[in-house]
Amino acid sequence: MKFFIDTANLEQIREAHKLGVLDGVTTNPSLMARENIRGQEACNRHYVEICRIVGGDVSAEVIATDFEGMLREGEALAALDPHIVVKVPCTADGIRAITRFTEMGIRTNCTLVFSVGQALLAAKAGATYVSPFVGRLDDISEDGVELVAHIVRIYRTYGFRTRVLAASIRHTRHIVQCMDAGADVVTCPLAAILGLLKHPLTESGLKQFLADHARVNQA
């Protein structure tokens, strides 16, 4: 299981990296806008800075929705740094673009995946990653974790090499559930990753150890 952080915030990326468990980063236009990054040149510089911090796969999303536009943007993004993975939406033109990128040796992340059928087409096109959105499915009373498990089963049955990257992770429990479902990667907010450390017995146990240590030193 690999851990990616889903953000464009450099401070959060650095904090996650300091833990020593961070394998990569995913971004999207909404996350970039949240950091008040304006203009393609500024976005490109930001992507390169993220790559320098992490040293792992960094998903950078195309904005174009047409095939030719996706190719132009994807090639430009891939040229920024060897760690860049071109993020492409799961549309007809997106699948066409992923097929072409695969032929060109450009790695891809097929995003906005909400069904097994979409995941199947992404794998057939040769996507490096497929990103089922767990939290957004839960929001409409569907089972996001079950979709992850279903995709994993089909990929294993047919030997697809596309890695399942569970996205739209809302909380720590989602991380554990996606691990149980067999996801190769989870991408999540920093708070969800740090939540894995929290347990009341750890906190109370440490408090007791420190209190006992203080009594020993007073003797």
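Structure shown above.
Scope of this entry: the structure provided in the associated data block. (Residues numbered from 1 in each chain as written. Predicted model: local features only at pLDDT ≥ 70, side-chain atom pairs only at ≥ 80, totals over all residues. Heavy atoms only, no water.)

### Digging into the overall build of the protein chain
Selection rule: Helix and strand definitions here come from DSSP, where helices need a minimum of 4 consecutive H or I residues and strands a minimum of 2 consecutive E residues; each element is numbered from the N-terminal end. Burial here depends on accessible area, computed with a 1.4 Å probe over protein chains only, as a share of the maximum for the residue type. Under 20% is buried, over 50% is exposed, and the range in between is partly exposed. Only heavy atoms enter the contact rule, under which two residues are in contact if any of them lie within 4.5 Å. Note on charges: Lys and Arg go in the positive column, Asp and Glu in the negative column, and His and the chain ends are not counted at all. By convention, the point assigned to a charge is CZ for Arg, NZ for Lys, CD for Glu and CG for Asp.
Scanning the protein chain from N- to C-terminus turns up 11 helices and 8 strands. With the C-alpha coordinates aligned to their principal axes, the bounding extent of the protein chain is approximately 75 × 40 × 30 Å. For the protein chain, buried positions account for 47% of its 219 residues. Taking the intrachain contacts of the protein chain between residues at least 6 apart in sequence as the baseline, contacts between residues at least 24 apart amount to 56%. Taking the 23 positively charged and 25 negatively charged side chains of the protein chain as two groups, their mean positions are separated by 3 Å.

### Some words on a nonpolar patch on the surface
For the record, the criterion: Patch members must show over 30% relative accessible area and no salt bridge, and they are joined within 9 Å when carrying like charges or within 5 Å when they are nonpolar side chains of Val, Leu, Ile, Met, Phe, Trp or Tyr. Each accessible area is a Shrake-Rupley estimate made with a 1.4 Å probe; only the visible protein chains count as cover when residues are assessed. Salt bridges are counted wherever a side-chain nitrogen of Lys or Arg sits within 4 Å of a carboxyl oxygen of Asp or Glu.
Taken together, the side chains of Leu19, Val21 and Leu197 present a nonpolar region at the surface, about 280 Å² in accessible area. On the accessibility criterion, Leu197 (62% relative accessible area) is exposed.

### Notes on the pattern of salt bridges
Close approach of charged atoms lets side chains of opposite charge pair. Under the definition given, this model contains 7 salt bridges. Notably, a salt bridge pairs Arg52 with Glu49, separated by 3.9 Å at the nearest N-O pair. Pair noted here: Arg52 and Glu49 are both in helix α3 (residues 40–54), with a separation of 3 residues, about one helical turn. Note that Arg100 is salt-bridged to Glu103, the shortest N-O span being 3.8 Å. Here Arg100 pairs with Glu103, and both are found in helix α5 (residues 92–104), just 3 residues apart, close to one helical turn. The network of salt bridges with common partners includes Arg14, Glu49 and Arg52.

### Thoughts on the packing of helix α6 (residues 116–125) against helix α8 (residues 144–158)
Worth spelling out the cut-off: An axis is simply a line fitted to the C-alpha atoms; with a helix, the fit covers only the stretch in contact. Between two such axes, the angle follows the N-to-C directions and lies from 0 to 180 degrees. For classification, angles of less than 35 degrees are called roughly parallel, those exceeding 145 degrees roughly antiparallel, those between 65 and 115 degrees roughly perpendicular, and all remaining angles oblique. Rotating anticlockwise by less than a right angle from the far helix to the near helix defines a left-handed crossing, while the corresponding clockwise rotation defines a right-handed one. Ten residue types, Ala, Val, Leu, Ile, Met, Phe, Trp, Tyr, Cys and Pro, are classed as nonpolar, four, Asp, Glu, Lys and Arg, as charged, and the remainder, Gly among them, as polar.
Where α6 meets α8, the closest approach of the two axes is 10 Å, and the angle between their N-to-C directions is 40°. Taken together, α6 and α8 sit at an angle that is classed as oblique. Note on packing geometry: the crossing formed by α6 with α8 is right-handed. On the side of α6, the interface is formed by Val116, Ala119, Leu120 and Ala123, while α8 contributes Leu147, His150, Ile151, Ile154 and Tyr155. Here the contact of α6 with α8 is composed, by residue class, of 8 nonpolar, 1 polar and no charged.

### Description of the nonpolar core
Under the convention used in this document: The nonpolar core is taken to be a set of buried Ala, Val, Leu, Ile, Met, Phe, Trp, Tyr and Cys residues, with the residues joined through side-chain atoms within 4.5 Å.
Grouped together as the largest cluster of nonpolar side chains are 65 residues, with contacts concentrated most on Ile13, Cys110, Val130, Val148, Ile151, Ala166 and Cys178. The residues touching Cys178, leaving out its near neighbours within four places in the chain, are Met1, Val134, Val145, Val148, Ala166, Ile169, Ala183 and Val186. Ranked by size, the runner-up nonpolar core spans 7 residues in total, among them Val85, Phe133, Leu165 and Val185.

### Describing the environment of Gln177
Take Gln177: it is sitting in helix α9 (residues 172–181). For the pair formed by Gln177 and Gly105, sequence separation is 72 residues and the distance between their alpha carbons is 33 Å.

### Re the sheet that holds strand β6 (residues 129–132)
For the record, the criterion: A pair of strands is considered paired only if DSSP assigns at least 2 bridges between the two.
If you trace the 8 strands once around the closed barrel, you get β1-β2-β3-β4-β5-β6-β7-β8, paired in parallel fashion. Sheet twist, expressed as the average angle between the axes of neighbouring strands with direction ignored, equals 30°. Where strand β2 (residues 24–26) lies against strand β3 (residues 57–61), 3 bridges are found, and the strand directions are parallel. Bridge pairing in β3 links Val25 to Val58. On top of the sheet, helix α4 (residues 67–78) reaches β3 and β4 (84–89); it is set at about 160° to β4, its chief contact.

### Description of the packing of aromatic side chains
Each aromatic ring pair is described using two quantities: the centre-to-centre distance and the angle formed by the ring planes. The criterion, for reference: Stacked, tilted and edge-to-face are the three classes assigned to paired rings of Phe, Tyr and Trp, where Trp is represented by its six-membered ring and a pair needs centres within 6.5 Å; plane angles under 30 degrees give stacked, over 60 edge-to-face, the rest tilted. Throughout this description, the term charge over a ring refers to an Arg CZ or Lys NZ atom that lies within 6 Å of the ring centre and within 35 degrees of the ring normal.
Counted by the stated rule, this structure contains 3 aromatic pairs. With a centroid separation of 5.6 Å and 70° between ring planes, the pair formed by Tyr155 and Phe160 is classed as edge-to-face. Overall, the relative accessible area of 22% leaves Phe160 in the partly exposed class. Seen from the ring of Phe67, Arg96 lies directly overhead, with NZ or CZ sitting 3.8 Å from the centre.

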